[in-house]
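Structure at a glance
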Amino acid sequence: MNMTPAERKAYAQRMFAEEPAAFPESHRPAILQGMVLPGMAPFEARLAAGAFSYKVKADPAKWPPHSNPLDVMWRQSIEPDDSDIVMTFVNNTQFPGEPTWVFRVFFEHGRATRIEKLRVEP
């Protein structure tokens, strides 16, 4: 589901109220501003940046073959593992004052470790 920045913000605030322990206070301002930060879990990145595409290689020590990749991603918030996860987003909020970017977020042990600009979206 593709939401406007205002809809993403409202949804994030509902999530904060429903599951406060799942969203560290230190990440909440960035999520509300539409920015992914290093250290965020995949679900936090989704709340911040919106619609995404993804690539998941589930940790074979934890996940059986053919596990649902979305289950693998969302579980990282409470039980990070060694799954390899890459999420790709397009928005104009990740890099304030810049144009709309396509960017990738790489996750290790359930947390964002690197954010890579790919291209400006026309």
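A brief look at the structure comes next. (Residues numbered from 1 in each chain as written. Predicted model: local features only at pLDDT ≥ 70, side-chain atom pairs only at ≥ 80, totals over all residues. Heavy atoms only, no water.)

With that settled, consider the pattern of salt bridges. Opposite charge on two side chains permits them to pair, given that their charged atoms come into close proximity. According to the stated counting rule, one finds six salt bridges in the structure shown. For Glu 79, the salt bridge is made with Lys 62, and the minimal N-O distance between the two is 2.8 Å. Here Glu 79, found in the loop between helix 4 (69-75) and strand 2 (84-91), pairs with Lys 62, found in the loop between strand 1 (52-57) and helix 4; they are 17 residues apart in sequence, far enough to count as distant. When its relative accessible area of 34% is taken as the criterion, Glu 79 is described as partly exposed. A relative accessible area of 33% means that Lys 62 is categorised as partly exposed. One salt bridge connects Glu 98 with Lys 117, and the closest N-O pair in it is separated by 2.8 Å. One end of the pair, Glu 98, is in the loop between strand 2 and strand 3 (101-108); the other, Lys 117, is in strand 4 (residues 111-120), and 19 residues separate them in sequence. Residue class for Glu 98 comes out partly exposed when judged on its relative accessible area of 33%. On the basis of relative accessibility, which here comes to 36%, the residue Lys 117 falls in the partly exposed class. (Salt bridge = Lys/Arg side-chain N within 4 Å of Asp/Glu carboxyl O. Helix = DSSP H or I, 4+ residues; strand = E, 2+ residues; numbered from the N terminus. Buried < 20%, exposed > 50% of the residue type's maximum accessible area, 1.4 Å probe, protein only.)

Let us look at the packing of aromatic side chains. Enumeration according to the criterion identifies nine aromatic pairs in this entry. Centre to centre, the rings of Phe 23 and Phe 43 are 6.1 Å apart; their planes meet at 45 degrees, and the pair counts as tilted. One end of the pair, Phe 23, is in the loop between helix 1 (5-18) and helix 2 (28-33); the other, Phe 43, is in helix 3 (residues 42-49), and 20 residues separate them in sequence. Neither Phe 23 nor Phe 43 differs from the other in exposure class; each is buried. Ring geometry for Phe 95 and Trp 101: centres 6.2 Å apart, planes at 70 degrees, overall edge-to-face. Three or more aromatic residues link up through ring pairs in this structure, and these residues are Phe 16, Phe 23, Phe 43, Phe 52, Tyr 54, Trp 74, Phe 89, Phe 95, Trp 101 and Phe 103. Stacked on the ring of Phe 16, the Lys or Arg Arg 28 has its end atom at 4.9 Å from the ring centre. Positioned above the aromatic ring of Phe 95, the side-chain terminus of Lys 117 is 4.6 Å from the ring centre. (Phe/Tyr/Trp six-rings, centres within 6.5 Å; stacked < 30°, edge-to-face > 60°. Lys NZ or Arg CZ within 6 Å of the ring centre and 35° of its normal.)

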